[in-house]
Amino acid sequence: KASEKLHISQPPLSRSIMDLEDELGCTLLIRGKRRVTLTEEGLAFKRRGEQLLSLADITRTEIAEMKNGISGTLYLGHVDSNGPSLAAEWISSFKEEFPNVNYNLWCGNVDDLTDRMKSGLIDLAITMTPTNTELLEGIKVFQENWVALIPPSHKLAKLKKKTVSIDELIGNDLIISSRKSREEEIRSWFSASDIEPTFIVKTAHSSNASKLVARNIGIAIFPASVAKNVPSLADVVIKTITPEKKVEYNLCWDKEKKTSSLAQKFIDHVKRLYNLE
């Protein structure tokens, strides 16, 4: 199938792959009688190849942008929670000024976004604190409280107050972000207690939180805007965590690399929205 797609016969393709393996000093393919599978090295090579193809597309976009003015594709990464709402708001107003721009959005946690930024696969990223300020530069665009998503049958959900204290969360199974620095931040909230917090589930996407909570798996701790991902009829009670904890959102770019003219236009546009110029 590969040789058909490349419009060459099978022997030259097989020879090229073997030459590539000789050059790399490893085996990329496990050749069976009926199928071919990738080795661990083969999967890594495939992943890098896909990144190189993405970079080629981005390079073509940048060259076209230089030739034709502000057009092309903006590669924007974002966290979930309030990231999608911020991206939609900015794109909506930017589109009025630059209607010929297209957008490629990618969602992930801050660590994923930082890696993609350093690999040149995204131009800009909407991140949450803590942000690696040694690698990324940015502007603060939003902040919000942390909340707890609680199963309705839980005793904390039945209390009339709209808040839940950190002390009240001690001893409960908790659902948190899979980001390591986020885990360390939440763990620090419980430092005054002798009881270590129990993180029963770690998930990359807050959209999973309400489903896990509705199944009575635990109490989820996420930024307040996670409520936007909770269906109105969902079996979840949301309460603000006290003492009040804040999370900040930043629009970030690579600290060591010059931004494209399109990305810079977008940054300037967002700065104007927040009176940051």
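Refer to the structure printed above.
Packing of helix 4 (residues 83-97) against helix 10 (residues 261-273) brings their axes to within 10 Å, and their N-to-C directions diverge by 115°. Here helix 10 runs roughly perpendicular to helix 4, going by the angle between their axes. The two elements helix 4 and helix 10 cross, and the hand of that crossing is right-handed. Contacts between helix 4 and helix 10 involve Trp-90, Ile-91, Ser-93, Phe-94 and Glu-97 from the first element and Leu-262, Lys-265, Phe-266, His-269, Val-270, Arg-272 and Leu-273 from the second. Taken together, the residues of the contact of helix 4 with helix 10 sort by class into seven nonpolar, two polar and three charged.

Turning our eyes to something else, we now look at helix 2 (residues 10-24). Across its 15 residues, helix 2 extends 21 Å between first and last C-alpha, which sits within 8% of the 21 Å expected from 1.5 Å per residue. Backbone geometry just after helix 2 places Gly-25 at a positive phi near 75°.

With that settled, the discussion passes to unusual backbone geometry. For the bond running from Thr-129 to Pro-130, omega is 0°, close enough to zero to count as cis. One can find Pro-130 in the loop between strand 5 (124-128) and strand 6 (136-150). Across the junction of Thr-242 and Pro-243, the peptide omega takes the value -5°, indicating a cis bond. Following the sequence through the fold, Pro-243 ends up in the loop between strand 11 (237-242) and strand 12 (246-254).

Basis of the calculations
Residues numbered from 1 in each chain as written. Predicted model: local features only at pLDDT ≥ 70, side-chain atom pairs only at ≥ 80, totals over all residues. Heavy atoms only, no water. Axes fitted to C-alpha atoms, helices over the stretch in contact; angles between N-to-C directions. Helix = DSSP H or I, 4+ residues; strand = E, 2+ residues; numbered from the N terminus. Parallel < 35°, antiparallel > 145°, perpendicular 65-115°, else oblique. Left-handed = near helix turned anticlockwise from the far one by under 90°. Contact = heavy atoms within 4.5 Å. Nonpolar A, V, L, I, M, F, W, Y, C, P; charged D, E, K, R; others polar. Expected span 1.5 Å × (residues − 1).

In short, the description is geometric, and any link to function would need to be established separately.
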